[in-house]
Amino acid sequence: MSSSPNGLTPYPIVQAPMAGGASCPLLAAAVCEAGGLGFLAGGYKTADGMYQEIKQVRALTRRPFGVNLVMPQTGCVDPAAVEAYRGQLAGEASWYGISLADEDVYSTCDDGYEAKLAILLEDPVAAVSFTFGCPGASALAALRKAGTRTTVTVTSVEEARTAQHAGADALCVQGVEAGGHQGTHRDDPQADGTAAVGLLALVGQVRESVSLPIIAAGGLMRGSQIAAVLAAGAEAAQLGTAFLACPESGADPLHKKSLTDPLFVRTELTRAFSGRPARGLVNRFMREHGPYAPAAYPQVHHLTSALRRAAAAAGDPQGMALWAGQGHRLARTLPAGELVEVLAAELAEAQSALKAMQMRSAS
């Protein structure tokens, strides 16, 4: 069986860095111990908060692991559109008994990126990945000098070429099937619902356009699907929703239960919760507010954070951001280490079957 890119782990299985608490130290360490590459999400926490989680993972495992950083957002945001959306959410706030009047949505737009990068250069981890953009060549070179392997999330051939030119070591090629945020480098509302490409098609396009190793991401839940993306040209697969239901995951129990709840029958891309396109289970909040949400990240994320917390506290999944990929109904509530082993066994079985078929065809 092939190993992950750059030989960091025995299995070509990467646990996606899911911001918001799901990709916690317990989950990352369990995946690493089982032979996959566990990731912490650096997003939505302070630089010190990120570093404390790094230390927790190091206390749980000696194996390589990674940290994901969210690139600073520099696009123009229309304050009037954000304030109009605040008004749109007034009924929601009243329902949960909270106020959005004093929510400061403009204070942090860079997610503490420079401070987090400085920590990762001073005390390196094995791998660092980036979302919502590509770092400059100097940052990637500095990480490489520190002994860190870098990966840039891309959703198009153009973004893949940009990452290769900047000096990334690998690409996380994200198909439209992926749960959570689409990692596009530029948030273009005009492209909503039209520009995203399915994973297998995108892996093929990127494979023929750049020479970097590919980690494929988007809707993958079984070892046979990992075998498919490896056959298409990827060197590893990144799975998020598959690990979301694990007991080690820091996701809210309501979120975990919703993945296989018959009440939630499909997923959609929406700006309702964060102002950036993200795939989640279709619920009341998404249906009622998605059409009115502006392209304003992270302002909308900050605006809705209190609402999402209140919904979770009230036990109401209809008001939560239930991020999930298109394969969510295949979620298994296995311990993370066991899930890695099951995925690896399914992958080996699929690869053996493919090899046997090829031998029969050749004879």
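A brief look at the structure comes next. Residue positions are given per chain, counted from 1 along the sequence in the order it is written. Local features in this predicted model are restricted to residues whose pLDDT is 70 or higher, and side-chain atom pairs enter the listing and the counts only when it is 80 or higher, whereas totals over whole chains, interfaces and linings include all residues. Hydrogen atoms and water are omitted, and side-chain values are computed over all heavy atoms in the structure.

A word on the pattern of salt bridges
Take a side-chain nitrogen of Lys or Arg and a carboxyl oxygen of Asp or Glu: if they are within 4 Å of each other, that pair is a salt bridge. Throughout the structure, instances matching the rule amount to twelve salt bridges. Arg186 is paired through a salt bridge with Asp188; the nearest N and O atoms lie 3.9 Å apart. Each residue's exposure class comes from its accessible area (1.4 Å probe, protein chains only) as a fraction of the maximum for that residue type: buried when under 20%, exposed when over 50%, partly exposed otherwise. Judged by relative accessible area, Arg186 falls into the exposed class, the value being 63%. Residue Asp188 is classed as partly exposed on the basis of its relative accessible area, which comes to 24%.

Re the layout of surface pockets
Cavity: a set of points on a 1 Å grid over the protein atoms alone where a 1.4 Å probe fits but cannot get out. Pocket: an open set with protein on both sides within 12 Å along at least five of seven lines, its lining residues, like those of a cavity, having an atom within 4 Å of a point. Grid points are joined across faces, edges and corners, and a volume is the space filled by probe spheres set on the points. Space inside the largest pocket adds up to approximately 1,200 Å³. For the largest pocket, the lining is made up of 47 residues, of which Met18, Ala19, Gly20, Tyr44 and Trp323 are closest to its centre. At the level of elements, strand 3 (65-70), strand 6 (170-174), strand 7 (180-181), strand 9 (236-239), helix 10 (241-244) and helix 13 (299-313) are the ones that each hand at least two residues to the lining of the largest pocket. Here the lining of the largest pocket is built from residues that sort into 22 nonpolar, 22 polar and three charged. Going along the chain from the N terminus, every DSSP run of H or I of four or more residues is numbered as a helix, and every run of E of two or more is numbered as a strand. Amino acids outside the nonpolar list (Ala, Val, Leu, Ile, Met, Phe, Trp, Tyr, Cys, Pro) and the charged list (Asp, Glu, Lys, Arg) are all regarded as polar, and Gly is one of them.

Topic: the side chain of Gln318
Turning to its location among the elements, Gln318 is positioned in the loop between helix 13 and helix 14 (336-362). If we skip the residues at most four places from it in the chain, Gln318 touches Leu263, Phe264, Asn283, Arg284, Phe285 and Arg287. Two residues form a contact once any of their heavy atoms are found within 4.5 Å.

Re the sheet that holds strand 11 (residues 278-281)
In this scheme, strands are said to pair when DSSP sees at least two bridges between them. Taken in spatial order, the three strands line up as 7-11-10 in an open sheet, and their pairing is antiparallel. The open sheet is flanked by strand 7 and strand 10 (267-270), the only strands paired with a single partner. Strand direction decides the pairing type here: strand 10 and strand 11, joined by four bridges, are antiparallel. Each bridged residue has a counterpart across the sheet, and for Leu269 the counterpart in strand 11 is Arg279.

Description of the packing of aromatic side chains
In this analysis, rings of Phe, Tyr and Trp, with Trp reduced to its six-membered ring, are considered paired at centre separations within 6.5 Å, and the interplanar angle assigns stacked below 30 degrees, edge-to-face beyond 60, and tilted for intermediate values. Taken as a whole and assessed by the stated rule, the structure comprises three aromatic pairs. Ring geometry for Phe132 and Tyr297: centres 5.2 Å apart, planes at 80 degrees, overall edge-to-face. Of this pair, Phe132 sits in the loop between strand 4 (127-131) and helix 6 (137-145) while Tyr297 sits in the loop between helix 12 (284-289) and helix 13; the two residues are 165 residues apart in sequence, bridging distant segments of the chain. For the pair Phe132 and Tyr297, a shared accessibility class is recorded, and that class is buried. Centre to centre, the rings of Phe273 and Phe285 are 4.6 Å apart; their planes meet at 20 degrees, and the pair counts as stacked. Taken as a pair, Phe273 in the loop between strand 10 and strand 11 and Phe285 in helix 12 lie far apart in primary sequence, twelve residues in all.

A few points about helix 2 (residues 47-60)
Multiplying one less than the number of residues by 1.5 Å gives the expected span of a helix. Over its 14 residues, helix 2 extends 20 Å from the first C-alpha to the last, a length consistent with the 20 Å expected when each residue adds 1.5 Å. For helix 2, the set of buried residues is Ala47, Met50, Glu53, Ile54 and Val57. Down the axis of helix 2, the sector holding all buried residues measures 125 degrees, keeping them to one side. Looking at the buried positions of helix 2, the neighbouring elements they touch are helix 1 (25-34), strand 2 (38-41), strand 3 and helix 5 (113-122). Directions drawn from the helix axis to the C-beta atoms are what define this arc.

Note that every value here comes from positions in space, so none of it alone points to a role or purpose.
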